[in-house]
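What follows is the residue order along each chain.
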Amino acid sequence: MKPTFKTILSVLAIILVCIFPLLADSYILYIGWLAIILSILAVSLGLIMGYTGQPSFCHATFYAIGAYASVLFVTELNVPVWFGLIMSLIVSGCFGLMIGYVALRLRGAYFALITLAFALICSIVASNPSAITQGTIGIRNIPSLEPAAVFDDMRFYFYIVFMVFLLTMFLLKRIINSRVGRAYVAIRENEEFASSIGVNPMKYKLQAFVIGSMLAGIAGALYAHGTHFINSSLFDQTFSFEVVMMAAIGGLGTLAGPVVGAVMLAALPEYLRSVGTYRLIIYGIILILVLRFMPGGIIGAYYVIIAKLKEKLGKEGEITNAEHS
Amino acid sequence: MIFVQQVVNGLLLGGQYTLFALGLTVVYGMFGVINLAHGSIFMMSALVCYLLTVMGINYFLAVILSMASMLVLMVILERVIFFPMRDSALGLLVTSMALMTIIDSFAVVHLTNPTMDFIDTGIPNDRISLFGIDFNLVRLIIFGVAAVVVIALALFFRHTRVGKAIRAVVQNRESATALGISPSRMSMFVFALSGALAGLAGSLMGAMVVVSTSMGSAPLMKGLVIIILGGLGSMGGSIIGSMIIGVLETLGAYYIGGPYVGAIPFAILIIIMLIKPQGLFGRKAGI
């Protein structure tokens, strides 16, 4: 197979990320590490929102559930952290199945509202100090991945997180390019039509929702074992909104889009340090501008520019491929 | 008697929610989209009203001024942001979420003031006893205002040209356009109305709860529960829904109490969605 421009770009990006921990200082490394975790979170929302077209406003809730699931298994039952990570997948997947089963029976605005209601219930329950989450006091001294001597070093942990990210992207890429992925898009474009040609919308929507919430869960667990502290603010509504912003600014309906959005929004506060308190205002304004003037997000705009360039150079044909992958 | 007292208190609270929920309902009817920034407009109006009364302006004048400013703000938002996005339901929903974040963060950064208190209405905080039931005077007057506004709105929608035109657009945008009604102008009216209602609800509510930059989120969530309960886009439904939620909330707080009481409306919401997704009075639609 002839390597395309996209493959070369991806390989270059992977190499760059791999040498990043060797060059960065600890603070920049932390930002990069967070950007990768948020990328997993945003891309998993991208699957639900971008491919099956379901506007979920409770995605950060699954992230929080995953974080708490892993941490509680590790601290209360003294299981290895690796096992905790697997439990975070299972627990957030179960919650995803439960919520998805209820919420996905409804569409559009109704679906969005019921996910919002679910997020609020979780937030109210979690912020009660006597709940298992210990409210805003939270849980401290969360152990690192075993062997702790190695993974206490952020650089090594960075590689683990990056590996999970690559696995996620690989898995999602496989799903999107398969029959299942095409069923997702068919449901997004026209649910009645999809079901008339034999696609069961409920089955595929639920499948995407559960996969998305499992990935969000493991992202949360990875976060918890890196920062060693979590509290109920993980359940905050604004966090779910931020994840939606990442995915939508980057570009819904693509895999690269949410990643671009997540990295941008993770890195932006560092460049805009002087306007720290205006962070959310700036995100909001960017989001409104993006939705209005480039509905495909940053990635969508990039494809349009590439297409125009290729047209000028007289090379057509590959553009359609780029737009649909 | 305590039970009746609690029900009456709940109905008085429901009158408040009606004003808020009607603003959400008319916008939903227009675009088929929930305006998540509605609670932020509500909060801004309470803040504006509070700041005006602190400056020494009469409460009722301050209410009208803050209503007017919310109306103008809403029309500007509608022209600049909402109307150009009207063809994408998902885009509108996410846009309103972004607006909510922007307004709330702006208020937190610029308008937070720990000394903020109830809005001083100038009405004595007395209780009136009628048939053995106590009525708080402030709440009663506010309920009266809400009732008058709701009746006026009902008459407006039934008997004026503009009101009928809005209802026509809400029911079927294409047919209404074919009949010569301008959706653009109606959309402006609807948002202006929604802004004024949120403004009125906010500045009235500020007389009963301590004004703060976070006071918009709870009414937004309750408003969402109410309009779903009543059936999205149904005005009568949202009035009855407000009363139901007002009463249930008051009874819940009195008889159950505890930290999870806040979650009750959302639990009700989820149950309703499962049993009767189109709400109590909603039309069955493929939403």
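Residues numbered from 1 in each chain as written. Chains lettered and ligands numbered in written order. Predicted model: local features only at pLDDT ≥ 70, side-chain atom pairs only at ≥ 80, totals over all residues. Heavy atoms only, no water.

**Looking at the overall build of chain B**
To keep it simple, the criterion reads: Strands are runs of DSSP state E lasting at least 2 residues, helices are runs of H or I lasting at least 4, and numbering of each runs from the N terminus. For this measure, only C-alpha atoms enter the radius of gyration; the expected value for a globule follows 2.2 Å times N^0.38, where N is the number of residues. Only protein chains enter the accessibility calculation, which uses a 1.4 Å probe; a residue whose area is less than 20% of its type maximum is buried, one above 50% is exposed, and one in between is partly exposed. Here, Shrake-Rupley sampling with a 1.4 Å probe gives the accessible areas, and only protein chains in the shown set may cover a residue. In this count, Lys and Arg are taken as positive residues and Asp and Glu as negative ones, while His and the chain termini are left out. Note that the charge is assigned to NZ on lysines, CZ on arginines, CG on aspartates and CD on glutamates.
Looking only at helices and strands, chain B features 11 helices and 2 strands. Computed over C-alpha atoms, the radius of gyration of chain B comes to 19 Å, within 12% of the 19 Å expected from 2.2 N^0.38 for 287 residues, which places it in the range of a compact globule. Projected onto its principal axes, the C-alpha coordinates of chain B cover approximately 55 × 45 × 35 Å. Within the span of chain B, comprising 287 residues, buried residues form 53% of the whole. Of the accessible surface of chain B, which amounts to about 12100 Å², a share of 69% is contributed by carbon and sulfur atoms. With 14 positive and 9 negative side-chain charges, chain B shows a separation of 16 Å between the mean positions of the two kinds.

**Points about helix H12 (residues 256-271) of chain A**
Residues and elements named next belong to chain A. Quick reminder of the rule: Multiplying 1.5 Å by the helix residue count minus one yields the expected span of that helix. It only takes one pair of heavy atoms within 4.5 Å for two residues to be counted as in contact.
Counted at 1.5 Å a residue, the expected span for H12 with its 16 residues is 22 Å, and the 22 Å between its end C-alpha atoms agrees. Regarding H12, the residues found buried are Gly 257, Pro 258, Val 259, Gly 261, Ala 262, Leu 265, Ala 266 and Leu 268. Elements that come into contact with the buried residues of H12 comprise helix H2 (26-51), helix H7 (154-176), helix H11 (237-250), helix H13 (279-293) and helix H14 (297-313).

**A look at the packing of helix H2 (residues 38-54) of chain B against helix H3 (residues 59-82) of chain B**
All names here are of chain B. Stated formally: Axis geometry follows a simple rule: fit a line to the C-alpha atoms, using only the stretch in contact for helices, then measure angles between N-to-C directions, giving values from 0 to 180 degrees. By definition, turning the near helix anticlockwise from the far helix through less than a right angle yields a left-handed crossing, and turning it clockwise yields a right-handed one. Residue polarity is assigned by list, with Asp, Glu, Lys and Arg as charged and Ala, Val, Leu, Ile, Met, Phe, Trp, Tyr, Cys and Pro as nonpolar; anything else, Gly included, falls into the polar class.
The geometry of H2 relative to H3 is characterised by a closest axis approach of 9 Å and an angle of 145° between their N-to-C directions. Crossing of H2 over H3 shows right-handed handedness. Contacts between H2 and H3 involve His 38, Ile 41, Met 44, Ser 45, Val 48, Cys 49, Leu 52 and Thr 53 on the former and, on the latter, Tyr 59, Ala 62, Val 63, Leu 65, Ser 66, Ser 69, Met 70, Leu 73, Met 74 and Leu 77. Grouping the amino acids of the contact of H2 with H3 by side-chain chemistry returns 13 nonpolar, 5 polar and no charged.

**A few points about the interface of chain A and chain B**
Basically, it comes down to this: As a working definition, buried area equals the accessible area (1.4 Å probe) given up by two parts on being put together, with both sides summed. Identification of polar contacts relies on pairs of N or O atoms within 3.5 Å, with a donor-acceptor requirement for protein atoms, meaning one able to donate a hydrogen and the other able to accept it, and with residues adjacent in sequence counted only if both atoms are side-chain atoms.
Opposite the 34 residues of chain A that make contact, chain B presents 40 residues. A per-residue breakdown of the area chain A buries against chain B is headed by A:Tyr110, A:Leu113 and A:Ile288, which together make up 20% of the total. One can count 2 residue pairs in polar contact (both at pLDDT 80 or more) joining chain A with chain B. Secondary-structure elements contributing two or more residues to the side of chain A that touches chain B are helix H5 (108-126), H11 and H13 of chain A. Of the residues forming the side of chain A that touches chain B, the biggest block, 12 residues, is contributed by H5(A).

**Digging into the pattern of salt bridges**
As a working rule, side chains carrying opposite charge can pair if their charged atoms are close by. The cut-off we apply is this: For salt bridges, the criterion is a side-chain nitrogen of Lys or Arg within 4 Å of an Asp or Glu carboxyl oxygen.
Applying the stated rule across the entire model yields 6 salt bridges over all chains. Salt-bridge contacts for A:Asp153 lead to A:Arg155; the nearest nitrogen and oxygen are separated by 3.3 Å. Taking the relative accessible area as the measure of exposure, A:Arg155 reaches 38% and is therefore partly exposed. The shortest N-O distance in the salt bridge between B:Glu78 and B:Arg79 comes to 2.8 Å. Taking the relative accessible area as the measure of exposure, B:Glu78 reaches 0% and is therefore buried. We classify B:Arg79 as partly exposed; its relative accessible area is 32%.

**Comments concerning the nonpolar core**
For clarity, the cut-off: For this analysis, a nonpolar core means a set of buried residues of the types Ala, Val, Leu, Ile, Met, Phe, Trp, Tyr and Cys, connected via side-chain atoms within 4.5 Å.
If you look at the biggest cluster of nonpolar residues, it comprises 201 residues, and the most contacted ones within it are A:Ile230 and B:Ile34. Looking at this core, the element that brings in the most residues is H2(A), giving 16 residues. When near neighbours in sequence (up to four residues on either side) are disregarded, B:Ile34 contacts A:Ala109, A:Leu113, B:Leu24, B:Tyr28, B:Leu93, B:Ser96, B:Leu224, B:Ile227 and B:Leu232.

**Description of the pairing of strand S2 (residues 133-136) of chain B**
All names here are of chain B. To keep things clear, this is the line we draw: Note on pairing: two strands pair once DSSP finds at least 2 bridges between them.
Note: strand S1 (residues 127-130) against S2, 4 bridges, orientation antiparallel. Bridge assignment links Leu 130 to a residue of S2, and that residue is Ile 133. Where S1 hands over to S2, the hairpin turn is made up of 2 residues, of which Phe 131 adopts a positive phi near 50°.

**Overview of the confidence of the model for chain B**
Our working definition: pLDDT expresses, on a scale from 0 to 100, how confident the predictor is about each individual residue.
Residues with a pLDDT of 70 or more make up 94% of chain B, whose mean pLDDT is 82. Taken element by element, the predicted model of chain B shows its lowest mean pLDDT in S1(B) (72) and its highest in H3(B) (92).

**A word on helix H4 (residues 81-103) of chain A**
Residue and element names in this part refer to chain A. With 23 residues, H4 should cover 33 Å at 1.5 Å per step; its first-to-last C-alpha distance of 32 Å lies within 8% of that length. Within H4, burial applies to Val 81, Gly 84, Leu 85, Met 87, Ser 88, Ser 92, Gly 93, Gly 96, Ile 99, Gly 100 and Ala 103. Residues of H4 that are buried make contact with helix H3 (59-77), H5 and helix H10 (201-227).

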